[in-house]
There are 2 protein chains.
Amino acid sequence: MATSRRSSTPLSRERILDAAQAIVLAEGASALSMRRVAAELGTGAMSLYNHVRDKEALQVGLAERVLAQVEVPVGASRHELCATWTRSVRRTLLANQPILPIILSVPRRSALGEIGRLLGGALMATGMAERDARDITAVLGRYIAGSLVFEGAASRRGDVDADELDRTFELGLDALLGGLEAVLTREPEPAPTEA
Amino acid sequence: MATSRRSSTPLSRERILDAAQAIVLAEGASALSMRRVAAELGTGAMSLYNHVRDKEALQVGLAERVLAQVEVPVGASRHELCATWTRSVRRTLLANQPILPIILSVPRRSALGEIGRLLGGALMATGMAERDARDITAVLGRYIAGSLVFEGAASRRGDVDADELDRTFELGLDALLGGLEAVLTREPEPAPTEA
DNA sequence: ACCTGAACACCGTTCAAGT
DNA sequence: ACCTGAACACCGTTCAAGT
């Protein structure tokens with residue numbers, strides 16, 4: 001009886017997030033409840049509230065953990081930066097599929113905005129105008145989010161032809177980047193001289 | 001006291017869906033519960049189960065109602081068919097924003113697949129190969145779904161610059177259709193003669 | 001066939017009491 | 001400061017009993 005859960009390590013936000021993540025990955029987002037997490041940790045539900053404001057804060061924490069895994073985009077060209085970022089976001093979120101409904105439902109701005117800034121920053125570092133960088137990030141973000149919704153549904157339905165899903169995703173990504181070529185190659189107006 | 005709710009018209013799937021829809025539109029998807037719907041109709045929760053298998057079936061019914069409003073796409077060219085269908089789906093779902101989380105979470109295949117077939121059918125009627133029609137529908141569907149996720153989040157957050165959201169959406173749609181031009185203009189292989 | 005109350009197994013969270 | 005039991009106001013659904 002090595003792993004008795006009762007009052008071993010003290011409760012902490014980290015341990016609570018660990019337990020929550022394990023539950024969601026094993027049993028799906030709908031299995032996540034304060035009481036269930038507490039049971040997993042050998043306490044009562046109310047003990048969690050010393051480390052986490054409420055259930056939503058716990059969900060935000062879960063989302064942040066996943067989104068923090070997205071790598072900063074690399075690539076020689078803007079086109080390549082966009083392609084690698086888009087694939088990286090999709091891959092990361094696909095590897096955490098059961099958490100996806102939580103990520104998509106949790107208040108934006110926080111973590112999802114953060115990963116957008118990864119691409120936006122990389123594009124602006126190539127001299128792209130801020131507005132163009134924001135537009136491109138927004139459009140690619142929408143395409144990724146929609147793809148994940150469909151792919152999540154497909155896998156929940158059990159009909160997962162991963163190759164076919166990959167092919168469709170790449171087809172759309174190609175089309176998008178092709179269609180955005182004009183924006184991708186546009187140089188910013190030189191800053192107007194004051195006088 | 002004209003509108004007493006008690007035992008007026010008999011319960012029916014239709015009346016239950018009406019009540020459910022009203023609740024979601026007024027108070028959001030999270031306010032939907034069997035007990036709440038029943039209360040609205042002046043009965044106990046269990047009476048609903050004579051007309052609706054369970055809560056999920058009720059949600060599917062709600063999703064189908066909204067998706068049934070999507071118009072069959074019209075347009076002289078394939079490009080135009082795609083553009084009007086995409087805008088029509090977005091417009092319809094945006095007009096029912098509070099129901100969107102339900103539509104996106106409910107098992108696919110049923111109603112969402114149906115509206116995809118509207119565009120797929122229209123494209124194939126122009127002589128497009130089935131596989132191309134499916135690809136285009138899939139990519140546009142992903143883009144719409146992702147856009148609605150972001151726009152729903154923005155409106156939940158209160159920062160809704162509708163014009164800016166429209167502009168971003170159109171920008172992505174343009175890019176997508178531009179990038180899909182090769183597929184859109186491709187004619188199907190002539191059916192190989194048997195001998 | 002349709003309705004429905006009681007009951008079961010759950011929720012998130014507040015509050016007051018403990019250490 | 002951290003923990004926690006009891007309690008409140010909810011859930012979806014089953015089951016047995018009614019008409």
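All figures in this text were calculated on a predicted structure; none of them were measured in a lab.

Analysis parameters
- Residues numbered from 1 in each chain as written.
- Chains lettered and ligands numbered in written order.
- Predicted model: local features only at pLDDT ≥ 70, side-chain atom pairs only at ≥ 80, totals over all residues.
- Heavy atoms only, no water.
- Helix = DSSP H or I, 4+ residues; strand = E, 2+ residues; numbered from the N terminus.
- Buried < 20%, exposed > 50% of the residue type's maximum accessible area, 1.4 Å probe, protein only.
- Contact = heavy atoms within 4.5 Å.
- Near = heavy atom within 4 Å.
- Polar contact = N/O pair within 3.5 Å; in protein donor to acceptor, adjacent residues only side chain to side chain.
- Nonpolar A, V, L, I, M, F, W, Y, C, P; charged D, E, K, R; others polar.
- Least-squares fit on C-alpha atoms with pLDDT ≥ 70 in both.

> Got a minute to help me understand the overall build of chain A in this structure?
Assigned secondary structure in chain A consists of nine helices and zero strands. Starting at the N terminus and walking to the C terminus, you meet the elements of chain A as α-α-α-α-α-α-α-α-α. Scored against the burial criterion, the 195 residues of chain A give a buried share of 45%. Across chain A, every contact between residues at least 6 apart in sequence was considered, and the portion connecting residues at least 24 apart equals 71%.

> When you look at the protein's contact with DNA strand C in this model, what are you seeing that I'm missing?
As a structural note, the neighbourhood of DNA strand C is formed by 16 residues, with Arg35(A), Tyr49(A), Thr43(B), Ser47(B) and His51(B) the closest of them. Expressed as a percentage, the sugar and phosphate content of the atoms of DNA strand C within 4 Å of the protein is 51%. Ser33(A) places a side-chain nitrogen or oxygen 3.1 Å from a phosphate oxygen of DNA strand C. The side chain of Arg35(A) places a nitrogen or oxygen atom 2.5 Å from a base nitrogen of DNA strand C. In terms of residue class, the surface near DNA strand C is built from seven nonpolar, five polar and four charged.

> Could you clarify how one ought to interpret the relation of the copies chain A and chain B in this entry?
What connects the two chain copies is a rotation about an axis and a shift along it. Placing chain A over chain B gives an RMSD of 0.0 Å and needs a rotation angle of 180°, together with 0.0 Å of translation along the axis. On the angle and the small slide along the axis, the relation comes out as a two-fold axis. Considering only C-alpha atoms, the part of chain A nearest the rotation axis is Gly146(A), at 1.8 Å. The share of interface residues of chain A whose copies in chain B are also at the interface is 100%, consistent with both copies meeting through the same surface.

> So what exactly am I meant to see when it comes to the protein's contact with DNA strand D here?
Looking at DNA strand D, there are 16 residues lining it, with Thr43(A), Ser47(A), His51(A), Arg35(B) and Tyr49(B) nearest. Each atom of DNA strand D within 4 Å of the protein was assigned to sugar, phosphate or base; sugar and phosphate come to 52%. For DNA strand D, a phosphate oxygen lies 2.8 Å from a polar atom in the side chain of Ser47(A). Between a phosphate oxygen of DNA strand D and a main-chain N or O atom of Met34(B), the distance comes to 2.9 Å. Residue composition of the surface near DNA strand D, by class: seven nonpolar, five polar and four charged.

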